[in-house]
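Summary of the model geometry
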Amino acid sequence: MNSYEILVPFHSNKFFLNNCIESLLATTPDDVPITIIANNENKDEISIHFSNSRIQVIKVDHSLYYPLCINYGMQFIKSPNVFVIDADTYHLPGWFENMVDLYESDNNISIIGSALIEMTSNAIKDFGLGFTGYNWVQIYKGQKASSPLIKTGPFQAVCTASCLINKTAFQEINGFSEYCNISYSDIDLCIRLADKGYKVLGCAESKAYHKGNASQRIVPLLKKDCFAMFMAKSYDKMKTDINIYLEASYKEYKNKSTFASQYIMLNFSSIINYKWYKEQIEAIMGIRIVEIYEYPSLTRDENAINLVSIIHTDIYRNHYPFIYFVDWFIALKENQLWKKLRSPNIDKDLVIDRHGTICSLSRLLEENQ
């Protein structure tokens, strides 16, 4: 087996850092060094110490944003193979071995990402990332980590909160682009690696819990600036591919259910290109959407949509089956009254979201009774 090292960028929130390091020590071989780059102008935040000889802490007396922190930290890594691990992750047994086995199966792999799980629900938070033409999405966000849709394979990009990087390939493209200092740096990295002919993969068998923004450094306004710069520099290298994942979701779902030939689409999404999704859905499923009713959301990836409070007409009596198009399918899981009002017509109603999930509304509601 090749030699490996772990690089952990840390800015603040010692509670999560301690949990992260505890999980890494318990799930990785004793000969794998761990380097922590502790960076903050507040010296109390980087006043950390670990007695384990595997761990070295490099302290920087000012704040480094994520990309610069990783680029800076690479100078302390001697191995050509480095795990970059966010300080707000908690890794599950087997993650390391599964990642290494996949990595060593192909010399052209530049980066592999773990399946990242919500800490409260055991559902997918980040795995592979896909592009819709306007936005990047977290493929199958909210699906159970055990779902057959969560498969090891190639992606345009992966989240780098838990990843294995080929250091030679990383240095060949000069590491992370620091103009994406607030966000999108991981997608940018993956796109540039792929542009050089390297493979970008997700490993479904490598699992870790991930809090996300535990240091609370992602400022929404600045994130928009990073998105604009990122899109300007990289748009011509991106491929619109979410339709691939919609098709895979449809194939998985159709083995369990039957479909109608015509639907009414209720648009609860917050995205501008929902009609493009409509066209993809019709083509993939071989159906016709006869009408679209508009109930657009003002919040991206809204957590809860109360159908009864939004739809004030007798639309629930319509005998046409519905497609509820939402940003995130989880948003409809608490609509028990709607289920009663809509019954028995609800049986063929579908929920489809921008992240690629296709599921039955009645089944989603049954799971959350």
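I will try to describe carefully the structure that is included in this document. (Residues numbered from 1 in each chain as written. Predicted model: local features only at pLDDT ≥ 70, side-chain atom pairs only at ≥ 80, totals over all residues. Heavy atoms only, no water.)

For strand S5 (residues 89-91) and strand S13 (residues 199-210), the ladder comprises three bridges, and the chain directions are antiparallel. Across the sheet, residue His 91 finds its bridge partner in S13, namely Ala 208. As judged from the eight bridges shared by strand S6 (residues 109-117) and S13, these two strands associate in the parallel manner. Each bridged residue has a counterpart across the sheet, and for Ile 117 the counterpart in S13 is Tyr 209. (Pairing = 2+ DSSP bridges. Helix = DSSP H or I, 4+ residues; strand = E, 2+ residues; numbered from the N terminus.)

This paragraph deals with the pattern of salt bridges. Within the structure shown, the criterion is met by twelve salt bridges. Between Lys 237 and Asp 195 there is a salt bridge; the shortest N-O distance is 3.6 Å. Taken together, the positions of Lys 237 in the loop between helix H6 (220-234) and helix H7 (242-254) and Asp 195 in helix H5 (residues 185-195) put the pair 42 residues apart, joining distant regions of the chain. A relative accessible area of 36% places Lys 237 in the partly exposed class. In this structure, the salt-bridge partner of Arg 317 is Asp 314, at a minimum N-O distance of 3.7 Å. Both residues of the pair, Arg 317 and Asp 314, count as exposed. Within this structure, Lys 141, Asp 301 and Arg 354 form a network of salt bridges that share partners. (Salt bridge = Lys/Arg side-chain N within 4 Å of Asp/Glu carboxyl O. Buried < 20%, exposed > 50% of the residue type's maximum accessible area, 1.4 Å probe, protein only.)

Our next topic: the packing of H7 against helix H8 (residues 274-285). In the contact formed by H7 and H8, the axes pass within 10 Å of each other and the chain directions differ by 40 degrees. Comparing their axes, H8 and H7 come out oblique. Between H7 and H8 lies a crossing of right-handed hand. When H7 is examined against H8, the residues Ile 242, Asn 243, Leu 246, Glu 247 and Tyr 250 are found in contact with a partner set consisting of Trp 276, Tyr 277, Gln 280, Ile 284 and Met 285. Considered class by class, the residues forming the contact of H7 with H8 number seven nonpolar, two polar and one charged. (Axes fitted to C-alpha atoms, helices over the stretch in contact; angles between N-to-C directions. Parallel < 35°, antiparallel > 145°, perpendicular 65-115°, else oblique. Left-handed = near helix turned anticlockwise from the far one by under 90°. Contact = heavy atoms within 4.5 Å. Nonpolar A, V, L, I, M, F, W, Y, C, P; charged D, E, K, R; others polar.)

Bringing the environment of Ile 117 into the picture now. With respect to the element layout, Ile 117 can be found in strand S6. On the basis of relative accessibility, which here comes to 3%, the residue Ile 117 falls in the buried class. Along the sequence, Ile 117 and Ala 208 sit 91 residues apart, while their C-alpha atoms lie 6.0 Å from each other. Setting aside anything within four residues of it in sequence, one finds Ile 117 in contact with Leu 92, Asn 122, Ala 123, Lys 125, Ala 145, Lys 207, Ala 208, Tyr 209 and His 210.

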